[in-house]
Amino acid sequence: MILKKLKGHFLTVMNHKAKVFYNCARAGIVWQGLKHDLSKFSPSEFIPGVIFFQGDRSPNEAERESRGYSIAWIHHKGRNRHHFEYWTDYNTKTKRLEPVKMPDKFIVEMFCDRVAASKTYMKENYNDHAPLEYFLRAKGRREIHPDTSRKLELLLTMLAEKGEDYTFAYIRRKITGKRF
C-alpha cells in the first residue's frame, strides 16, 4: 500500500510540476516554472504527501482533516512566493498580521499553479471555468490583499471567458512583457 501511495504521490507532483512549467513558459516566466514547488520534495512535505495521498485532491486536505492542521502546507506556504499566504506581515500601525500585495510575477505563477492544479486533480472533468469557480468558492473567507485578489480574479475570469491562448497572450503582453 505504501509503495502505491509513494508512486501515486510522486507521479502526481511530477505531473503537476510539468503542467505548471508549461503554463509558466506560456506566460514568459520560464525560470519560475523550473523552480516551482521544489519544496514538495523536502521530507516535511513529501512524507505527509505520501501518507495522505488520495489522488483526487491535495494530500494537505487529508492531513488537515486527520491532524487539524497540515505540517506540509505550513512548510510549503512559507517557502513558495506564488502562494498569497506567503505574503503576510505585521502591520506596524494595527499590530496585526495582515496580507500584503504580491508582486505581479508571483500572481502570474499563482495563476499558472491554479490552472495546473485544477487539471491535475479534475483530469477529464476540467474546463476553463473550474479554476475561477474554485477561487470564488472561498473568496469571502481568505486573507488576501485586495489588489492581489482582484488581479488573480481578473486572470481567472479571462481564462473562463476567453480561454488559455488569449489569457496567456494577455499575460505576456500586459504583465510579464515577454514576447515569443
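Attention in this report is confined to the structure presented alongside it. Remember, predicted model here, so these are calculated numbers, not experimental data.

Thresholds applied
Residues numbered from 1 in each chain as written. Predicted model: local features only at pLDDT ≥ 70, side-chain atom pairs only at ≥ 80, totals over all residues. Heavy atoms only, no water. Helix = DSSP H or I, 4+ residues; strand = E, 2+ residues; numbered from the N terminus. Buried < 20%, exposed > 50% of the residue type's maximum accessible area, 1.4 Å probe, protein only. Contact = heavy atoms within 4.5 Å. Areas by Shrake-Rupley, 256 points an atom, 1.4 Å probe, with all protein chains shown as cover. Lys, Arg positive; Asp, Glu negative; His and termini not counted. Charge placed at Lys NZ, Arg CZ, Asp CG, Glu CD. Disulfide = S-S within 2.5 Å. Salt bridge = Lys/Arg side-chain N within 4 Å of Asp/Glu carboxyl O. Axes fitted to C-alpha atoms, helices over the stretch in contact; angles between N-to-C directions. Phe/Tyr/Trp six-rings, centres within 6.5 Å; stacked < 30°, edge-to-face > 60°.

Within the protein one finds 9 helices and 2 strands. In sequence order, the secondary structure elements of the protein are arranged as α-α-α-α-α-β-β-α-α-α-α. For the protein, the C-alpha atoms occupy an extent of roughly 45 × 45 × 30 Å along the three principal directions. When each of the 180 residues of the protein is scored for burial, the buried share is 44%. Partitioning the contacts of the protein with sequence separation of at least 6, the portion at a separation of at least 24 is 59%. Approximately 10,400 Å² of the protein is accessible, and the part contributed by carbon and sulfur atoms is 56%. Of the side-chain charges in the protein, 34 are positive and 21 negative, and the distance between the mean point of each set is 4 Å.

Within this structure, the stated rule accounts for 0 disulfides. Cys24 forms no disulfide, and the closest cysteine sulfur to it belongs to Cys112, at a distance of 4.1 Å.

A few words now on the pattern of salt bridges. Here the structure, examined in full by the defined rule, presents 10 salt bridges. Residue Lys151 is joined to Asp104 by a salt bridge in which the shortest nitrogen-to-oxygen separation is 2.8 Å. Separated by 47 residues along the polypeptide, Lys151 in helix α8 (residues 146-162) and Asp104 in helix α6 (residues 104-122) bring together distant segments of the chain. When its relative accessible area of 33% is taken as the criterion, Asp104 is described as partly exposed. Counted as one network, the salt bridges with shared partners bring together Arg26, Lys119, Glu164 and Asp165.

For the pair α8 and helix α9 (residues 164-176), the least separation of the axes is 7 Å and the interaxial angle reads 145 degrees. Taken together, the residues of α9 that come into contact with α8 (itself represented by Leu154, Leu155, Met158, Leu159 and Lys162) are Glu164, Tyr166, Thr167, Tyr170, Ile171 and Ile175.

Okay, the environment of Ala18 next. One can find Ala18 in helix α1 (residues 2-27). Owing to a relative accessible area of 45%, Ala18 belongs among the partly exposed residues under this scheme. A sequence separation of 27 residues divides Ala18 from Glu45, and the C-alpha atoms of the two residues are 18 Å apart.

Turning our eyes to something else, we now look at the environment of Leu156. Checked against the element boundaries, Leu156 lands in helix α8. Given a relative accessible area of 0%, Leu156 falls into the buried group. It is 8.4 Å that separates the C-alpha atoms of Leu156 and Asp128, two residues lying 28 residues apart in sequence.

As a further point, take the packing of aromatic side chains. The description of an aromatic ring pair uses the distance of the two centres, along with the angle that the planes make with each other. According to the stated counting rule, one finds 5 aromatic pairs in the structure shown. Measuring from ring centre to ring centre gives 5.2 Å for Tyr86 and Trp87, while their planes differ by 65 degrees; the resulting arrangement is edge-to-face. A residue is classified by how much of its surface remains accessible, and Tyr86, at 30% relative accessible area, is partly exposed. On the numbers, 5.7 Å between centres and 65 degrees between planes, the contact of Phe111 with Phe168 is edge-to-face.

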